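Breakdown of the fold
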Amino acid sequence: GQQVMQIPQYQHVQEGEDFTTYCNSSTTLSNIQWYKQRPGGHPVFLIQLVKSGEVKKQKRLTFQFGEAKKNSSLHITATQTTDVGTYFCAASNSGYALNFGKGTSLLVTP
Amino acid sequence: NAGVTQTPKFQVLKTGQSMTLQCAQDMNHEYMSWYRQDPGMGLRLIHYSVGAGITDQGEVPNGYNVSRSTTEDFPLRLLSAAPSQTSVYFCASRRDSQGNTIYFGEGSWLTVV
């Protein structure tokens with residue numbers, strides 16, 4: 001499967017600051033997905049990116065897929081305490097099997 | 001519409017015991033899978049199925065069995081539990097190969113002592 005490396009592992013921000021997590025692969029990805037997991041909860045699908053250079057927005061969240069389809073990022077503008085959780089990227093080259101990054105845990109203090 | 005339902009939510013096993021984690025989905029999804037989540041390791045794929053009667057191994061299949069006799073159900077069997085299998089287990093489903101959204105169950109917390 002496609003291995004994806006995610007950085008940073010942890011991020012601690014003050015409420016109102018921005019946050020970015022990055023997902024990188026050594027090989028070209030057919031698509032990439034992003035998930036959010038609240039503490040004690042289950043992963044919840046956020047978005048899938050498919051096209052080279054694709055940018056999608058969901059309110060304060062901006063997702064990007066690199067031109068070479070080897071990297072992706074999730075940016076949160078003006079974080080809120082409700083953004084606390086772990087953000088995972090997941091990728092597959094083809095077919096079903098998804099490989100998840102190890103996640104970035106975000107802590108937001110008011 | 002319940003989505004993906006996992007049982008039990010919590011379980012403590014003794015080393016060597018066997019058990020089955022149940023997973024059911026009511027969305028008529030073709031694709032189902034099992035992941036385990038350990039601290040700092042993210043989610044690792046154990047087994048998956050692309051339809052009734054079809055299963056395949058993921059990244060960490062050893063010590064686990066699965067079957068898919070119906071579209072709705074995808075049980076995960078621990079044959080002889082070991083402390084290394086202490087983890088949180090998530091079942092997930094997806095409509096088909098074109099379905100973007102993967103739905104996860106709420107998780108099963110398993111401790112093997």
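See the structure printed just above.
Figured I'd write up the structure that's included with this text. All values reported here derive from a predicted model rather than from experimental measurement.

Topic: the overall build of chain B
- Within chain B, the regular secondary structure consists of zero helices and 11 strands.
- Order of helices (α) and strands (β) in chain B, N terminus to C terminus: β-β-β-β-β-β-β-β-β-β-β.
- In terms of overall dimensions, chain B is globule-like: its C-alpha atoms have a radius of gyration of 13 Å, near the 13 Å expected for 113 residues.
- Seen through its C-alpha atoms, chain B measures out along the principal axes to roughly 40 × 25 × 25 Å.

Describing the state of the cysteines
- Across all of its chains, the model carries two disulfides over all chains by this definition.
- In this model, cysteine 23 of chain A is linked to cysteine 89 of chain A through a disulfide, with the two sulfur atoms separated by 2.0 Å. Of note, the bridge from cysteine 23 of chain A to cysteine 89 of chain A carries an S-S torsion of about 70 degrees and is right-handed in sense. Note that cysteine 23 of chain A is positioned in strand β3 (residues 19–24) and cysteine 89 of chain A in strand β9 (residues 85–92), a separation of 66 residues in sequence. Here cysteine 23 of chain A and cysteine 89 of chain A have matching classes, each one buried.
- The disulfide partner of cysteine 23 of chain B is cysteine 91 of chain B, and the gap between their sulfur atoms is 1.8 Å.

Quick look at the nonpolar core
- One finds Ile32, Trp34 and Phe63 of chain A to be the most contacted residues of the largest nonpolar core, which totals 21 residues.
- For this core, the secondary-structure elements that each account for two or more residues are β3, β4 (31–37), β5 (44–49), β7 (61–65), β8 (71–76), β9 and β11 (104–109) of chain A.
- Ignoring sequence-local partners within four residues, the contact set of isoleucine 32 of chain A consists of Cys23, Ile47, Gln48, Leu49, Phe65, Ser72, Cys89, Ala90 and Ala91 of chain A.
- Cys23, Tyr64, Phe74 and Leu110 of chain B belong to the second-largest nonpolar core, a separate cluster that totals 19 residues.

As for the interface of chain A and chain B
- Listed per partner, the contact involves 19 residues of chain A and 23 residues of chain B.
- Between chain A and chain B we count zero salt bridges in total.
- Our count for the chain A to chain B interface comes out at one residue pair in polar contact (both at pLDDT 80 or more).
- Mapped onto the side of chain A that touches chain B, the elements with two or more residues apiece are β4, β5 and β10 (99–100) of chain A.
- In the side of chain A that touches chain B, the residues fall into eight nonpolar, 10 polar and one charged.

About the cut-offs
- Residues numbered from 1 in each chain as written.
- Chains lettered and ligands numbered in written order.
- Predicted model: local features only at pLDDT ≥ 70, side-chain atom pairs only at ≥ 80, totals over all residues.
- Heavy atoms only, no water.
- Helix = DSSP H or I, 4+ residues; strand = E, 2+ residues; numbered from the N terminus.
- Rg over C-alpha atoms; globule rule 2.2 N^0.38 Å.
- Disulfide = S-S within 2.5 Å.
- Buried < 20%, exposed > 50% of the residue type's maximum accessible area, 1.4 Å probe, protein only.
- Core = buried A, V, L, I, M, F, W, Y, C linked by side-chain atoms within 4.5 Å.
- Contact = heavy atoms within 4.5 Å.
- Salt bridge = Lys/Arg side-chain N within 4 Å of Asp/Glu carboxyl O.
- Polar contact = N/O pair within 3.5 Å; in protein donor to acceptor, adjacent residues only side chain to side chain.
- Nonpolar A, V, L, I, M, F, W, Y, C, P; charged D, E, K, R; others polar.

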